[in-house]
Amino acid sequence: MSTTLAPGAPTKEQLDAYYGSFTEEKQKEALSVPLRLVAAWAKNDAAGVASVFSEDGILILPGDVFKQGRDEIQSFMAAAYAGPFKGTGVTGRPVDLRFVSDDVALVRTHGGILAPGEKEIDPELAVRSTWVCVKRDGQWQLAAYQNSPRGAGATLRW
Amino acid sequence: MPTSVSVKATATQLLAAAGVEEDHGFYGPFTDAAERAVLTVPQMIKAAWAANDAEAFARVFTRNGSLLMRDEQLTSRDQIRAHMAAGFRNGYKGARVTGWPLSVTFLSRSVAVVVTQGGILLGGDAELLPEREIRATWVIVARNGRWRLLSHQSSPLRGPGGSPAGSPAASNSEEEAMSSNASQLVTKAKEWAELYGKYSNGVEGAVLTVPLRVRAAWESNDADAIAGVFTDNGSMLVGDEQLMNREEIRAYMAKAFAAGWRGTKLSERPLEIKLLSDDVAVAITQGGIVPSGQTEPPAEVRTVWVTAKQDGEWRLVSYQTSPLAS
C-alpha cells in the first residue's frame, strides 16, 4: 500500500504514515530527499526536482535516460513536464533505509508515477527506486536516483 | 572527488588478491588510481559470472549487500549467493556479463557511485541482445582496505522485443479505466523518448529539450508555454515577421493558434546539435507544421534553434525556419 501525499504541506499523520517504521530523526532526515522530490513533482516543478539532486547528481530511468548533473536533470524534467509527464504526480513508500556512513544513506522505495488524477499506482507504472542520498553542508541531497520496473505488469520505458 | 580515499591498494593489487585477471580495457576514460580501484568491483563481478561462481559473486558484496535484479530483491550476501547458485545451475548456466563504466562519483573517502552499461549474455547469445541491455548503479563502499559492493540495481534500456517503443500495454479492457490512463501514459512516454533520436543524453539531450518543449506546447496550442521556452529577449522569425521578445512571440502565437494554426502540430526531427560553448548551442531540425487532422507537414522546412543555458535550464534564444524545396 502506498502513501500519496496530498498537495500542500503534508499533515503529521501523512508524514508518520510515510515514515512507517523509520522513526529515528536521522532516518527521517534522509527521507526528506524523496519527500522533497515528490512535492516538487506534484507541482511539475523541474527546477525544484533538480534542486533535490546534488550538483553532480545522476538520474537513471528505464529506457535510454542517463542524466548527469542538475542542469541536465532540470532540462530533461522541464521537457517531460511539457510532454508525457504533464499533470502527473509520483508516489512511493520507503521499504529499506541503511546508512552507509553518517553522511551517506541508501534508501529504497516502492512507488511509481501517477497518471493525471490518479491516486493509486497502476501496475504498469510500478517501480522500485534506489536513492543514494548524501548530506552536504547540513542538507541531504540526492546523489543518484534510479528506478526499474516492479512486477510483471510494469511496462514503462523511455 | 576527495583528494584521498580510504582504500590505499591499487586496482592491480586488489584484483591480484582476488585472483581476478585485470582487464586494462575496462576502465575507459577513468584513469585515476582511485577510480580504477573502485572499478575492481565490476571486474570481480564479471569474473564471477564468467566462472559461474556464486560464492565469488556473493563475496564481492558486503554482508548486508543488496541486489535488485529485474523483480528479484535480494538483501543480504547469503540471499545473493543462494539466488546466483540456483541461477548458475539453471537459466544462467554458461552465461556471462559484459559492461563498461559510464561514470564514477565519490561521495566521500569511502563511498563511490558507479554507473555502468552492459548486460547479460545467456548461454546461447552470440552478442549482447538489445532487449538485455541495462544500465546499472553500483554503490561501492570501503571495507577492510578493499572496495565492496553495497548495492546494485539495473534498469532495462529497452522494452520487450528490443525496440525502444516496446509492445503496447497489457490490458485495454474498457472496464479498467485506470489501466487505460496508465497505458496512455506509457505509450506517450515511449513516443516522447523516440523524439530524442540519437541525442538521448548528455548536453545534446539537454539542448534538444528546447525544441521538444516547443513541440509539446504547440500540440496544446499553448502560446504562453511556447513563449515561456524563450529567453526574455528571445526572437522568432516567422514568415515576414520578426518577433523580438517573449511578449511579441506570445501575442503572435496566440493570434495564430486562434486562426490559421488552430489544431496544428509541430513535427521536427533532430539533424544536428552543435555546442558553441558550455552554455550556448545550435540545434538543427527538419520537419514542419502539420495541418489539423493530418499527419505530415505539406512541405518540409529546416529549423535552426539557437539555445542558451540560463539558471540551469536550456532556453530558446532564436528560432528561424527555411523551406527545403526552392
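Every chain's residues receive numbers from 1 upward, in the order its sequence appears when written. Chain labels run from A onward and ligand labels from 1 onward, assigned in the order the entries are written. For this predicted model, a pLDDT threshold of at least 70 governs which residues receive local features, and a threshold of 80 or more governs which side-chain atom pairs are given and counted, while totals over whole chains, interfaces and linings are taken from all residues. Water and hydrogen atoms play no part in the side-chain values, which are based on all heavy atoms of the structure.

1. Considerations on empty space enclosed by the protein
Residue and element names in this part refer to chain A.
Moving on, step 1. Here the term cavity refers to a set of points on a 1 Å grid, laid over the protein atoms alone, in which a 1.4 Å probe fits but cannot get out; the term pocket refers to an open set having protein on both sides within 12 Å along at least five of seven lines, with lining residues being those that place an atom within 4 Å of a point. Grid points are joined across faces, edges and corners, and a volume is the space filled by probe spheres set on the points. The full count for this structure, using the stated rule, is three cavities of 30 Å³ or more.
Moving on, step 2. Approximately 350 Å³ is the volume found for the largest cavity.
Moving on, step 3. Lining the largest cavity are 29 residues, and of these Trp41, Val90, Ser129, Tyr145 and Asn147 sit closest to its centre.
Moving on, step 4. The secondary structure listing takes helices from DSSP runs of H or I that are at least 4 residues long and strands from runs of E that are at least 2 residues long, numbered from the N terminus. When contributions to the lining of the largest cavity are tallied by element, the ones reaching two or more residues are α2 (25-42), β1 (53-61), α4 (70-82), β3 (89-101), β4 (104-114), β5 (126-136) and β6 (139-149).
Moving on, step 5. Classification convention: Asp, Glu, Lys, Arg as charged; Ala, Val, Leu, Ile, Met, Phe, Trp, Tyr, Cys, Pro as nonpolar; all other residues, Gly among them, as polar. Split into classes, the residues belonging to the lining of the largest cavity amount to 21 nonpolar, seven polar and one charged.

2. Overview of the interface of chain B and chain A
Moving on, step 1. Should any heavy atoms of two residues lie within 4.5 Å, those residues are counted as being in contact. Taken together, the contact between chain B and chain A spans 61 residues of the former and 58 residues of the latter.
Moving on, step 2. Here chain B meets chain A over a buried area of about 4,900 Å², counting both sides, of which 56% is carbon and sulfur.
Moving on, step 3. Between Lys or Arg on one side and Asp or Glu on the other, a salt bridge is scored when a side-chain nitrogen of the former is within 4 Å of a carboxyl oxygen of the latter. Scanning the region where chain B abuts chain A turns up two salt bridges.
Moving on, step 4. Residues aspartate 64 of chain A and arginine 135 of chain B are paired through a salt bridge, measuring 2.7 Å at the closest nitrogen-oxygen approach.
Moving on, step 5. Polar contacts, as used here, are pairs of N or O atoms within 3.5 Å; protein pairs need one atom able to donate a hydrogen and one able to accept it. Residues neighboring in sequence count only if both atoms are side-chain atoms. The interface formed by chain B and chain A contains 24 residue pairs in polar contact (both at pLDDT 80 or more). As used here, buried area is the combined drop in accessible area, with a 1.4 Å probe, of two parts when they are placed together.

3. Here's the deal with the pattern of salt bridges
Moving on, step 1. By the definition in use, this model includes 19 salt bridges over all chains.
Moving on, step 2. Linking lysine 12 of chain A and aspartate 16 of chain A is a salt bridge whose minimum nitrogen-to-oxygen distance equals 2.7 Å. Residue lysine 12 of chain A and its partner aspartate 16 of chain A are both found in helix α1 (residues 12-19); the two are separated by four residues, about one turn of the helix.
Moving on, step 3. Salt bridges here are not isolated pairs; linked through shared partners, they connect Glu55, Arg59, Asp78 and Arg81 of chain B.

4. What about the sheet that holds strand β1 (residues 61-69) of chain B?
Residues and elements named next belong to chain B.
Moving on, step 1. The strand order across the open sheet formed by six strands is β2-β1-β6-β5-β4-β3, and the pairing between neighbours is mixed. Each edge of the sheet is formed by a strand with only one pairing partner; in this case those strands are β2 (72-74) and β3 (96-108). Across the sheet, the mean angle from the axis of one strand to that of its neighbour is 20°, orientation sign disregarded.
Moving on, step 2. Whether two strands pair comes down to DSSP finding at least two bridges between them. Bridging between β3 and strand β4 (residues 111-121) involves 11 bridges; their strand directions are antiparallel. Residue pairing across strands places serine 108 opposite valine 111, the latter belonging to β4.
Moving on, step 3. Together, β1, β3, β4, β5 (133-143) and β6 (146-156) form the strand contacts of helix α3 (residues 40-50), whose direction differs from that of β6 by roughly 70°.
Moving on, step 4. To obtain each axis, a line is fitted to C-alpha atoms, and for helices this fit is confined to the stretch in contact; angles are then taken between N-to-C directions over 0 to 180 degrees. Strands β1 and β2 of the sheet are contacted by helix α5 (residues 77-89), whose axis makes an angle of about 50° with β1.

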